[in-house]
Amino acid sequence: MSAGVTYADIEAAAARIEGVAHRTPVATSTQFDELAGCQAYFKCENLQRMGAFKFRGAYNSLAKLTPEQRKKGVVAFSSGNHAQAVALAGKLLGVPATIVMPKDAPSVKVAATRGYGAEVMLYDRAEESREKIAARLAAERGSMVLPPFDHPDVIAGQGTSAKELIEEVGALDYLFVCTGGAGLLSGCAIAARHLSPGIKVIGVEPEAGNDVQQSFRAKKIVSIGVPDTIADGARTQAPSALTLSLVLEHVHDIVTVSDAQLVDAMRFLWERMKMIVEPTGALATAAVLDHPGDVRGKRVGIILSGGNADLPAVSKLLAA
Ligand SMILES: *Cc1c(COP(=O)(O)O)cnc(C)c1O
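Residues numbered from 1 in each chain as written. Predicted model: local features only at pLDDT ≥ 70, side-chain atom pairs only at ≥ 80, totals over all residues. Heavy atoms only, no water.

Going by what an unreviewed UniProt entry lists, the chain is known as L-threo-3-hydroxyaspartate ammonia-lyase and is assigned to Usitatibacter rugosus. The annotation that UniProt attaches to the chain under Cofactor (unreviewed entry) is "pyridoxal 5'-phosphate". (UniProt positions renumbered as here; feature names shortened; annotations may be inferred.)

Undergrad: Please explain the overall build of the chain as it appears in this structure.
TA: The number of helices and strands found in the chain is 15 helices and 10 strands. Taking 320 residues into account, the globule formula puts the C-alpha radius of gyration at 20 Å, and the chain, at 18 Å, falls close to it. Along the longest, intermediate and shortest principal axes, the C-alpha atoms of the chain span 55 × 45 × 40 Å. A total of 320 residues make up the chain; the buried ones form 58% of that total. (Helix = DSSP H or I, 4+ residues; strand = E, 2+ residues; numbered from the N terminus. Rg over C-alpha atoms; globule rule 2.2 N^0.38 Å. Buried < 20%, exposed > 50% of the residue type's maximum accessible area, 1.4 Å probe, protein only.)

Undergrad: Honestly, the packing of helix H8 (residues 152–169) against helix H9 (residues 183–195) in this entry has me stumped. Any pointers?
TA: Relative orientation and spacing of two packed helices are given, respectively, by the angle between their axes and the distance between those axes. Where H8 contacts H9, the axes come no closer than 7 Å and their chain directions differ by 45°. In terms of orientation, H8 and H9 fall into the oblique class. The interaxial crossing formed by H8 with H9 has right-handed handedness. Counting all contacts with H8, which are made through Ile155, Gln158, Gly159, Ser161, Ala162, Lys163 and Ile166, the residues of H9 involved are Gly183, Leu184, Ser186, Gly187, Cys188, Ala191, Ala192 and Leu195. Its residues assigned to classes, the contact of H8 with H9 comprises eight nonpolar, six polar and one charged. (Axes fitted to C-alpha atoms, helices over the stretch in contact; angles between N-to-C directions. Parallel < 35°, antiparallel > 145°, perpendicular 65-115°, else oblique. Left-handed = near helix turned anticlockwise from the far one by under 90°. Contact = heavy atoms within 4.5 Å. Nonpolar A, V, L, I, M, F, W, Y, C, P; charged D, E, K, R; others polar.)

Undergrad: What is the right way to read the sheet that holds strand E5 (residues 119–123) from this model?
TA: Here four strands make up an open sheet; going across it, the order is E5-E4-E3-E6 and the pairing parallel. Two strands in the sheet have a free side with no partner beyond their single neighbour: E5 and strand E6 (144–145). Two strands pair when backbone bridges link them, and strand E3 (residues 74–77) and strand E4 (residues 97–102) are joined in this way by four bridges, in the parallel orientation. Note that in E4 the partner of Val74 across the bridge is Ala97. (Pairing = 2+ DSSP bridges.)

Undergrad: Can you help me understand the site of the ligand in this one?
TA: In the vicinity of the ligand, 16 residues are found, and the nearest of them are Lys54, Asn81, Gly180, Ala182 and Ser305. Interatomic distance of 2.8 Å between a side-chain N/O atom of Asn81 and an oxygen atom of the ligand. One of the backbone N or O atoms of Gly181 is found 2.9 Å from an oxygen atom in the ligand. For the ligand, the accessible surface in isolation is 390 Å², of which the surrounding protein chains cover 96%. (Near = heavy atom within 4 Å. Polar contact = N/O pair within 3.5 Å; in protein donor to acceptor, adjacent residues only side chain to side chain. Areas by Shrake-Rupley, 256 points an atom, 1.4 Å probe, with all protein chains shown as cover.)

Undergrad: What's the story with the sheet that holds strand E9 (residues 253–257) in this structure? I'm lost.
TA: Within a sheet, adjacent strands bond to each other through the backbone by hydrogen bonds, running parallel or antiparallel. Here we have six strands laid out as an open sheet, ordered E1-E2-E10-E7-E8-E9, and mixed in their pairing. Single-partner strands in this sheet number two, and they are strand E1 (26–27) and E9. For strand E2 (residues 39–44) and strand E10 (residues 299–304), the ladder comprises six bridges, and the chain directions are parallel. Residue pairing across strands places Lys43 opposite Ile303, the latter belonging to E10.

Undergrad: Looking at this structure, I do not really get the side chain of Ser61. What am I missing?
TA: Inspection of the secondary structure puts Ser61 in helix H3 (residues 54–63). Once you skip the residues sitting within four places of it in the chain, Ser61 turns out to touch Leu146, Asp153 and Val154.

Undergrad: Looking at this structure, I do not really get the UniProt feature "domain: Tryptophan synthase beta chain-like PALP" (unreviewed entry) in the chain. What am I missing?
TA: Per the UniProt record, "domain: Tryptophan synthase beta chain-like PALP" (unreviewed entry) is found at residues 21–306. Across residues 21–306, the secondary structure splits into 46% helix and 17% strand, with the terminal C-alpha atoms separated by 14 Å.

Undergrad: Explanation requested: helix H13 (residues 283–290) in the structure shown.
TA: Every α-helix carries 3.6 residues per turn, so stepping three or four residues along brings you back to the same face. Of all eight residues in H13, six are buried, a share of seventy percent or more. Of all the positions in H13, only Leu283, Ala284, Thr285, Ala286, Ala287 and Val288 are classed as buried.

Undergrad: Would you take a moment to explain H3 for this structure?
TA: Counting buried residues along H3, 10 of its 10 residues qualify, which places the element largely inside the surrounding structure. All buried positions along H3 are accounted for by Lys54, Phe55, Arg56, Gly57, Ala58, Tyr59, Asn60, Ser61, Leu62 and Ala63.

Undergrad: Please explain the side chain of Asn210 as it appears in this structure.
TA: In this fold, Asn210 is placed in the loop between strand E8 (200–206) and helix H10 (211–218). Aside from chain neighbours lying at most four places away, what touches Asn210 is Glu205, Ile224 and Thr256.

Undergrad: Help me understand the nonpolar core, please; the structure alone is not making it clear to me.
TA: Among soluble globular proteins, nonpolar side chains are generally buried collectively. One finds Phe32, Phe42, Leu175, Phe176, Val201, Val288 and Ile302 to be the most contacted residues of the largest nonpolar core, which totals 70 residues. Looking at which element gives the most residues to this core, the answer is H9, with seven residues. Here Ile302 is in contact with Phe32, Ala40, Tyr41, Phe42, Lys43, Leu175, Phe176, Ala284, Thr285 and Val288, once residues within four sequence places are set aside. Grouped together as the second largest cluster of nonpolar side chains are 30 residues, Leu65, Ala97, Met101 and Leu146 included. (Core = buried A, V, L, I, M, F, W, Y, C linked by side-chain atoms within 4.5 Å.)

Undergrad: Is there a simple way to think about the packing of aromatic side chains in this case?
TA: Two measures describe an aromatic ring pair: the distance that separates the ring centres and the angle between the ring planes. Within the structure shown, the criterion is met by four aromatic pairs. Taking 5.6 Å as the distance between ring centres and 45° as the angle between the ring planes, the aromatic pair formed by Phe55 and Tyr59 counts as tilted. A residue pair is termed a helical-turn pair when its members lie 3 or 4 positions apart in one helix, as Phe55 and Tyr59 do in helix H3 at four residues. Of the two residues examined, Phe55 and Tyr59, each falls in the buried class. (Phe/Tyr/Trp six-rings, centres within 6.5 Å; stacked < 30°, edge-to-face > 60°.)

Next up, the structure:
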């Protein structure tokens, strides 16, 4: 038995999100295949609702709440895509959402989260911890706290992305998945190994933020300092006990790429494939380009995890 999440959970999640989440398209590129020497299938979660796969896990989790629980609302802490995912899923399901964000979070992200109808609670990073604020709010209101990756329903929801990909294109030799806290990676690995036995699932992290790689190798949780990388969706400091156990069971290897490789991959995705992908969303693409020997002649799945790029910042990276 898997520690907590099975393929049946992913099938149940798929039924819950059907008709609500987009069944995102799969892109191919002859130019990419020539460059990488493989046959690549890109699952375009940059075109998912709110711009990233995180809508899958958030909606699956909130859809499971009882009417009583729904009334009491949900609390999440995030300054990134999880905030917008919980806000949108909450709006669609009538679950009041409160998002705890640092006072210095980019105003566009605060505005986007409010735009989906969530209440935003700003806090001072120097004085308080977001976990404590979220826990206090949840206790006062009886709401649930929905973490960005450390939750079986979130993981099952994220796994629907790989399920759709393999159902559409057939069995694969490899699946490359970017990794922050490994919710997406563990869910996708469970689905991929069920639908395409023999597949090798590879997690990809930024070189400067390889907490999951270190934990995978040590077979226990290794925590690192806040990583300095342009892949802001992968700035986690450690996987959770749940995600690490699933990664150890289902994932073949974890590799890393540098920020410079990420920028090259992003440039290819934007310029050649017309895909607006945020830096974290380009991790898997960069890793495939970095492993020509392994992927030559193979059928390779690549998850483009999100497209919420900060345009001025990305323009600077691409111009450099
Ligand atoms: C959250 C996020 C990730 C990392 O997902 P985990 O489940 O934490 O590993 C990767 N890419 C994007 C775009 C994200 O929003």
